[in-house]
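Summary of structural features
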Amino acid sequence: MKYYSLNRKAPDTTFENAVIKGLAPDSGLYFPEEINPLPKSFFEDIDNKSYPEIAFEAIKQFVSPEIPEDILKTIIEETLSFDFPVVKLDDNISTLELFHGPTMAFKDVGARFMARCLGYFNKNNTNEVTVLVATSGDTGGAVANGFLGVKGVNVVILYPSGKVSDIQEKQLTTLGQNITALEVDGVFDDCQDMVKKAFLDESITSKMQLTSANSINVARWLPQLFYFMFAYKQLHKHQDEIVFSIPSGNFGNICAGMVAQQLGLPVKHFIASNNANNVVTEYLKTEHYNPKPSVATISNAMDVGNPSNFIRIQEIYKNDFDQLRANLSSYSYTDQETRQALLDIYKSYNYVADPHGAVGYLGCKDYLKTNSNAHCVFLETAHPTKFLDVVEDVIETKVELPSQIKAVMDKEKVALQISSYEELKSFLLNTTK
């Protein structure tokens, strides 16, 4: 599979090069040259396939021929070493739990898949690769865990000071080894802007190989399509009209779901459920795309004012606004509405959600007002204990800490504080061997 830059000013390239480079030379995001639908029989027979078998068939066209099939099967088996249960709340609403991995966030899938791809590509390379990543919450921990100890790969994570939860911070600042955390005096967009600037800075790229593990990287982004297929396998016998409500920040997750739909997955509709960072919600109302500075909310992983992956979504629909709007709805919610949703879910279903899942739930409720025959699945993208102060305060109940969280609680945070791009640049150049 070849990949092209969405800025269309760079040569087409291979999957391997797209993974290693992260961004195209013209600073565009890479996109697959083709999305070839799977045969209808694949979905008709999905009950007889294991999760690794489903994932292998879904992803292989995007990584061939750079990764041999036997290696790809091993990568997938290691990536999918945990469960993806759908929990039915009522006749119209279910939740897809994506927090059963090592860092208890949906990003474990993409981070583990990408780490293993990069490890394979780098196995005979004497030059080190530096993974440079910005996080608004869960990406940092997932990437840190996924790349921990990977030969020839150093990871540098930028996160906004005071704007990730305590547990999220622990997960990305306590591992050591080849992982370094940089605490940025700013918001997520500042972190993301620094990362993008570093990729375009020849004084850095001439001395070290940088790649990104944000969802701008195709190996982080594409495997997220797996769990939409896993949810379909669990639901399709009982539900004709399946709709997904995705808590959306950088829009990589929902975009991967749309790729699954392009592969033939029978999904009726997608909902982008936003917090106060509602650029896409406003775009679908007005047809004017107006990025703006992010604002801090209790669903912090969605605090993105200029979602990188929305350009990929526009590409899927060939920049046809009407076609996009026919397949995508979007709603936005305040922190007060999110807190109320957390309480409603707990009281109505005895289910403890996290703030991001609560936003997804609200999207389901709004969509179902005019689409009563649909079955809406909201994504629980992180375990509620990662947002313990908010969740326990709202539901007034103690939530038991899972083992993955307990393991980091007492570890010492190690992070370097920076407040400017020049400080990031100095750090990178001074760590170059």
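The text that follows walks through the structure, step by step, so that each part is easy to find. Note that the structure is predicted; figures quoted are calculated from it, not measured. Each residue is numbered by its place in its chain's sequence as written, counting from 1. Whole-chain, interface and lining totals are the exception, using all residues; otherwise, since this is a predicted model, local features are given only for residues with pLDDT of at least 70 and side-chain atom pairs are given and counted only at 80 or more. Only heavy atoms go into the side-chain values, all of them from the structure, while hydrogens and water stay out.

**Digging into the overall build of the protein**
To keep it simple, the criterion reads: Numbered from the N terminus, helices here are DSSP runs of H or I no shorter than four residues, and strands are runs of E no shorter than two. Using C-alpha atoms as the atom set, the radius of gyration is obtained and then compared with a globule rule of 2.2 Å times the number of residues to the power 0.38. For this analysis, residues touch if any pair of their heavy atoms sits within 4.5 Å. Values of accessible area rely on a 1.4 Å probe in the Shrake-Rupley scheme; residue burial ignores everything except the protein chains shown. The charged-residue count follows a simple rule in which Lys and Arg add positive charge and Asp and Glu add negative charge, with His and chain termini not counted at all. By convention, the charge on Lys lies at NZ, on Arg at CZ, on Asp at CG and on Glu at CD.
Looking only at helices and strands, the protein features 20 helices and 14 strands. For 433 residues, the compact-globule formula gives about 22 Å, and the C-alpha radius of gyration of the protein, at 20 Å, lands near that figure. Taking the principal axes of the C-alpha coordinates as reference, the protein spans close to 60 × 50 × 45 Å. Partitioning the intrachain contacts of the protein with sequence separation of at least 6 by distance along the chain shows that 76% fall at a separation of at least 24. Counting only carbon and sulfur atoms, one obtains 46% of the accessible surface of the protein, whose full area is about 16800 Å². For the protein, the separation between the mean place of its 39 positive charges and that of its 54 negative charges on side chains is 3 Å.

**Topic: the sheet that holds strand β6 (residues 129-134)**
Definition in use: One bridge is not enough; two strands pair if DSSP finds at least two bridges between them. Lines are fitted to the C-alpha atoms to define the axes, a helix being fitted only along its stretch in contact, and any angle between axes, read from their N-to-C directions, falls within 0 to 180 degrees.
Strand order in the open sheet made by the five strands is β9-β6-β7-β8-β14, with parallel pairing throughout. Both edges of this open sheet fall to β9 (209-211) and β14 (416-418), since each of them pairs with a single strand only. Within this sheet the neighbouring strands show an average axis-to-axis angle of 30 degrees, counted without direction. Direction of pairing for β6 relative to strand β7 (residues 153-160): parallel, over a ladder of six bridges. Counted as the bridge partner of T130 is N154 from β7.

**A few points about the sheet that holds strand β3 (residues 30-32)**
If you trace the three strands from one edge of the open sheet to the other, you get β2-β1-β3, paired in antiparallel fashion. Strand pairing shows two members of the sheet lacking a second neighbour, β2 (13-14) and β3, which therefore form its edges. Summarising the sheet, strand β1 (residues 2-5) and β2 pair through two bridges and their orientation is antiparallel. What sits directly across from Y3, in β2, is T13.

**Section: helix α13 (residues 279-286)**
Condition: In this scheme, a residue with accessible area under 20% of its type's maximum is buried, one over 50% is exposed, and one in between is partly exposed, where area comes from a 1.4 Å probe on protein chains only.
Taken together, the buried positions of α13 are V279, V280, T281, Y283 and L284. Packing partners of the buried residues in α13 comprise β11 (269-274), α14 (310-316), α15 (321-327) and β12 (328-332).

**Some points on the pairing of β7**
Note the following rule: Seen with its strands pointing away from the viewer, a crossover is right-handed if its path from the first strand over the helix to the second goes clockwise.
Burial of β7 is extensive: seven of the eight residues sit out of reach of the surface. Note on the crossover from β6 through helix α6 (residues 138-147) to β7: the handedness is right-handed.

**Regarding the packing of helix α16 (residues 335-349) against helix α18 (residues 388-395)**
Heads up, the condition is: The cut-offs work like this: below 35 degrees is roughly parallel, past 145 is roughly antiparallel, 65 to 115 is roughly perpendicular, and the gaps in between are oblique. By convention, the crossing between two helices is left-handed when the near helix turns anticlockwise from the far helix through less than a right angle, and right-handed when the turn is clockwise. Classification convention: Asp, Glu, Lys, Arg as charged; Ala, Val, Leu, Ile, Met, Phe, Trp, Tyr, Cys, Pro as nonpolar; all other residues, Gly among them, as polar.
At a closest axis distance of 9 Å, the pairing of α16 and α18 adopts a crossing angle of 60 degrees. One way to sum up the angle between α16 and α18 is to call them oblique. The way α16 lies across α18 gives a crossing that is right-handed. Of α18, the residues touching α16 (which contributes R339, L342, L343 and Y346) are V390, V394 and I395. For the contact of α16 with α18, the per-class residue count stands at six nonpolar, no polar and one charged.

**What to know about the nonpolar core**
The condition is simple: To qualify as a nonpolar core, a set must consist of buried Ala, Val, Leu, Ile, Met, Phe, Trp, Tyr and Cys residues joined through side-chain atoms within 4.5 Å.
Counting 125 residues, the largest nonpolar core has L225 and M229 as the members making the most contacts within it. If one sorts the elements of this core by residue count, helix α5 (residues 107-121) sits on top with nine residues. Ignoring anything within four residues of it in the chain, the contact list for L225 reads A58, F62, A256, V259, A260 and L263. Of all hydrophobic cores here, the second largest spans 33 residues; its members include L89, I167, Y333 and L342.

**Observations concerning the pattern of salt bridges**
For clarity, the threshold we go by: Here, a salt bridge means any side-chain nitrogen of Lys or Arg that lies within 4 Å of a carboxyl oxygen of Asp or Glu.
Applying the stated criterion across every chain yields a total of 14 salt bridges. The closest approach of N and O atoms between E282 and K285, which form a salt bridge, is 3.6 Å. Pair noted here: E282 and K285 are both in helix α13, with a separation of three residues, about one helical turn. On the basis of relative accessible area, E282 is assigned to the partly exposed category, the value being 29%. Overlapping salt bridges bring together E169, E183 and K413 as one network.

**Re empty space enclosed by the protein**
If a probe the size of a water molecule is rolled over the atoms, the empty space left behind becomes visible. The following threshold applies: Computed over the protein atoms alone on a 1 Å grid, cavities are sets of points where a 1.4 Å probe fits but cannot get out and pockets are open sets with protein on both sides within 12 Å along at least five of seven lines; a residue lines them when it has an atom within 4 Å of a point. Grid points are joined across faces, edges and corners, and a volume is the space filled by probe spheres set on the points.
One pass over the full model with this rule turns up one cavity of 30 Å³ or more. Where the lining of the largest cavity is concerned, the elements lending two or more residues are α6 and α12 (252-262). Grouping the amino acids of the lining of the largest cavity by side-chain chemistry returns eight nonpolar, 13 polar and three charged.

**Notes on unusual backbone geometry**
Following S64, the chain continues to P65 via a peptide bond in cis, the omega torsion being 0 degrees. One non-glycine residue, S27, lies in positive phi territory at about 70 degrees. By the element assignment, S27 lies in the loop between α1 (15-21) and β3. Relative accessible area serves as the criterion here: at 30%, S27 is assigned to the partly exposed category.

**Focus on the pairing of β6**
Among the six residues in β6, six count as buried, and that is most of the element. Taking every second residue as pointing to the same face, both faces of β6 are buried, with V129, V131 and V133 on one and T130, L132 and A134 on the other. Where β6 lies against β9, three bridges are found, and the strand directions are parallel. Residue pairing for β9: V131 is matched across the bridge by T211.

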